[in-house]
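# Descriptive analysis of the structure
Here is how the chains run, residue by residue.
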Amino acid sequence: GIQVEQSPPDLILQEGANSTLRCNFSDSVNNLQWFHQNPWGQLINLFYIPSGTKQNGRLSATTVATERYSLLYISSSQTTDSGVYFCAVSHYGGATNKLIFGTGTLLAVQP
Amino acid sequence: DGGITQSPKYLFRKEGQNVTLSCEQNLNHDAMYWYRQDPGQGLRLIYYSQIVNDFQKGDIAEGYSVSREKKESFPLTVTSAQKNPTAFYLCAVGGYEQYFGPGTRLTVT
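The shown structure was predicted, so the numbers you read here are calculated from the model rather than taken from an experiment. (Residues numbered from 1 in each chain as written. Chains lettered and ligands numbered in written order. Predicted model: local features only at pLDDT ≥ 70, side-chain atom pairs only at ≥ 80, totals over all residues. Heavy atoms only, no water.)

What follows covers the overall build of chain B. Looking only at helices and strands, chain B features 0 helices and 11 strands. Counting from the amino terminus, helix and strand elements in chain B follow one another as β-β-β-β-β-β-β-β-β-β-β. Expressed along its principal axes, the backbone C-alpha trace of chain B runs to roughly 35 × 25 × 25 Å. Counting across all 109 residues of chain B, residues that qualify as buried make up 49%. Contacts in chain B between residues far apart in sequence, at least 24 positions, make up 49% of those at least 6 positions apart. Taken as a whole, chain B presents about 5,500 Å² of accessible surface, with 47% of it coming from carbon and sulfur. (Helix = DSSP H or I, 4+ residues; strand = E, 2+ residues; numbered from the N terminus. Buried < 20%, exposed > 50% of the residue type's maximum accessible area, 1.4 Å probe, protein only. Contact = heavy atoms within 4.5 Å. Areas by Shrake-Rupley, 256 points an atom, 1.4 Å probe, with all protein chains shown as cover.)

Residues and elements named next belong to chain B. Summed over the entire model, instances satisfying the criterion amount to 2 disulfides over all chains. Between the sulfur atoms of Cys23 and its disulfide mate Cys91 the distance is 1.8 Å. What sets the handedness of the Cys23 and Cys91 disulfide is the S-S torsion sign, and at about -65 degrees it is left-handed. One end of the pair, Cys23, is in strand β3 (residues 19-25); the other, Cys91, is in strand β9 (residues 87-94), with 68 residues separating them in the sequence. (Disulfide = S-S within 2.5 Å.)

In this section: the interface of chain A and chain B. On the side of chain B, 23 residues touch chain A, which itself brings 20 residues to the contact. Taken together, both faces of the contact between chain A and chain B bury some 1,700 Å²; the carbon and sulfur share is 51%. Summed over the three residues of chain A that lose the most area to chain B, namely Asn97, Lys98 and Phe101 of chain A, the buried surface amounts to 30% of that side. The tally of links from chain A across to chain B stands at 0 salt bridges. The interface formed by chain A and chain B holds 6 residue pairs in polar contact (both at pLDDT 80 or more) in total. When residues of the side of chain A that touches chain B are traced back to their parent elements, those giving at least two are β4 (29-37), β5 (43-48) and β10 (100-101) of chain A. (Buried area = accessible area lost by both parts, 1.4 Å probe. Salt bridge = Lys/Arg side-chain N within 4 Å of Asp/Glu carboxyl O. Polar contact = N/O pair within 3.5 Å; in protein donor to acceptor, adjacent residues only side chain to side chain.)

Turning next to the pairing of strand β3 (residues 19-25) of chain A. Residue and element names in this part refer to chain A. Residues Ser19, Leu21, Cys23 and Phe25 point to one face of β3 and are all buried, whereas Thr20, Arg22 and Asn24, pointing to the other face, are not buried. Looking at chain direction, strand β1 (residues 4-7) and β3 are connected through 4 bridges and run antiparallel. Across the sheet, residue Gln6 finds its bridge partner in β3, namely Cys23. As paired strands, β3 and strand β8 (residues 69-74) are joined by 6 bridges and run antiparallel to one another. (Pairing = 2+ DSSP bridges.)

Residue and element names in this part refer to chain B. This structure, assessed with the given rule, holds 5 salt bridges over all chains. Between Asp30 and Lys71 there is a salt bridge, and its shortest N-O distance comes to 3.5 Å. Here Asp30 is found in the loop between β3 and β4 (32-37), whereas its partner Lys71 is found in the loop between β7 (64-66) and β8 (76-78), with 41 residues between them in sequence. According to the relative accessible area criterion, Asp30 is partly exposed, its value standing at 43%. With a relative accessible area of 23%, Lys71 lands in the partly exposed category. Across the salt bridge formed by Arg44 and Asp38, the nearest N and O atoms sit 2.8 Å from each other. Residue Arg44 is classed as partly exposed on the basis of its relative accessible area of 38%. On the accessibility criterion, Asp38 (16% relative accessible area) is buried. By sharing partners, the salt bridges in this structure join Arg36, Asp38 and Arg44 into a single network.

Turning our eyes to something else, we now look at the environment of Arg68 of chain B. Residues and elements named next belong to chain B. As for its placement among the helices and strands, Arg68 is situated in the loop between β7 and β8. In this structure Arg68 comes out as buried when scored by relative accessible area, which is 2%. With 20 residues separating them in the primary sequence, Arg68 and Tyr48 have C-alpha atoms 9.7 Å apart. Polar side-chain contacts of Arg68 include one of 2.8 Å to the backbone oxygen of Asp30. Within the structure, Arg68 has its side chain in polar contact with the backbone oxygen of Lys71 (distance 2.8 Å).

The following block contains the structure:
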């Protein structure tokens, strides 16, 4: 089946720093979402982005489907950005709603 | 109050007992999903339902069962056949874009 790899696995930032998280996938996809899991376990939708670029405040994301990767940019990081960031995809030709998750990037933003 | 509710937040059971986790939604989505998350891991799909009275196995369905008698509800039963039931269970709704409930942490001893 399709493989989803996220990097880096862990990241420590000082408040105010910028970061880039990467998601590589091994086959064509028809769906890609980025989530933030807060320390209480809640998964928060960040972006639905099977292709192209989107921005929402300090966060932006770009998916280059032909090259099988997506990037999540966090600018001017805040302590509330801490948590785990997941990329999830569904395989092109399969059910659009069968998401496969990566193992996540654990982000810690220090004051 | 709108959204996805999962109850209870924490659940403790003895080995050998079946346990049912609740997931309710008032967002009017046809499709609902159950995922399992183990510590330090991503989520894995257990079962999903695209319409009332229909559901399909996900990647790790063994030891679990579901029903979908109402659009608003998609309960998950963790049976005694599930070898490692202790985990964080998340329910989701949606089509192209999925939205998640707050989760239930199940501990079986």
